[in-house]
Amino acid sequence: MPRAKRKSGEDEFIDDDGSEEESQRPSKKTSHGDSTTDGIVACEISKNRKVSVRKWKGQVFVDIREFYNKGDQALPSKKGISLTLDQWKVLRDHAEDVDEAISGLE
């Protein structure tokens with residue numbers, strides 16, 4: 001999938017193939033709780049780490065991300081990863097292999 005390049009000072013993106021599309025980014029001022037406009041929080045891994053499922057540009061992602069507190073809101077940071085459903089299924093199917101590798105190191 002081609003990466004989008006931002007035009008300076010505009011909210012449009014130009015794909016590597018030259019086509020333009022409007023930005024579909026969610027608002028930065030969303031509140032994050034059990035259910036957000038970005039997605040549904042599936043679980044909290046720790047105080048500031050959450051796993052959520054969200055839909056963006058018609059595609060479903062599993063998002064594993066650190067959050068930071070700003071006032072009374074928990075906001076997502078840049079630290080994290082968004083997995084496509086295919087990537088999530090590969091990770092899920094190899095969970096036992098990861099557990100075995102961990103056991104081998106303990």
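All values reported here derive from a predicted model rather than from experimental measurement.

A. Spotlight on the pairing of strand β6 (residues 59-70). As paired strands, strand β5 (residues 49-56) and β6 are joined by eight bridges and run antiparallel to one another. Bridge pairing links S52 to D63 in β6. Between β5 and β6, which pair antiparallel in sequence order, lie two residues; one of them, K57, sits at a positive phi of approximately 50°. Looking at chain direction, β6 and strand β7 (residues 73-84) are connected through nine bridges and run antiparallel. Bridging from a neighbouring strand, D63 pairs with S82 of β7. The turn linking β6 back onto β7 is made up of two residues, and G71 within it adopts a positive phi angle of 70°.

B. Here's a closer look at the packing of aromatic side chains. In total, this model carries zero aromatic pairs according to the counting rule given. Geometry around F67 places K50 over its ring, the cationic atom sitting 4.7 Å from the centre.

C. Quick look at the side chain of K50. Counting through the fold element by element, K50 comes out in strand β5. For the buried K50, which has no salt bridge, the nearest side chain bearing the opposite charge is E44, at an N-O separation of 4.6 Å. Once you skip the residues sitting within four places of it in the chain, K50 turns out to touch V41, C43, E44, I45, D63, I64, R65, F67 and A74.

D. Molecular detail of the environment of K50. Assessed through its relative accessible area of 8%, K50 is described here as buried. Remark: the alpha-carbon pair of K50 and E66, spanning 16 residues in sequence, is separated by 6.5 Å.

Scoring rules and cut-offs
Throughout this description, residue numbers start from 1 for each chain and increase along the sequence as written. This being a predicted model, a pLDDT of at least 70 is required before a residue's local features are given, and a value of 80 or more before pairs of side-chain atoms are given or counted; all residues contribute to the totals for chains, interfaces and linings. For side-chain calculations, the full set of non-hydrogen atoms in the structure is used, while hydrogens and water are omitted. Strand pairing is assigned whenever DSSP detects at least two bridges linking the two strands. Numbered from the N terminus, helices here are DSSP runs of H or I no shorter than four residues, and strands are runs of E no shorter than two. In summary, the pairing rule links any two rings of Phe, Tyr or Trp, Trp by its six-membered ring, whose centres are within 6.5 Å, and it sorts them by plane angle into stacked for under 30 degrees, edge-to-face for over 60 and tilted for everything else. We call a charge positioned above a ring when the Lys NZ or Arg CZ atom is no farther than 6 Å from the ring centre and deviates by at most 35 degrees from the ring normal. Exposed residues in this analysis have more than 50% of their type's maximum accessible area, buried residues have under 20%, and partly exposed residues fall in between, with area computed by a 1.4 Å probe over protein chains only. The charged-residue count follows a simple rule in which Lys and Arg add positive charge and Asp and Glu add negative charge, with His and chain termini not counted at all. Whenever a carboxyl oxygen of Asp or Glu lies within 4 Å of a side-chain nitrogen of Lys or Arg, that contact is scored as a salt bridge. Contacts are residue-level and defined by heavy atoms, with any inter-residue pair within 4.5 Å sufficient.

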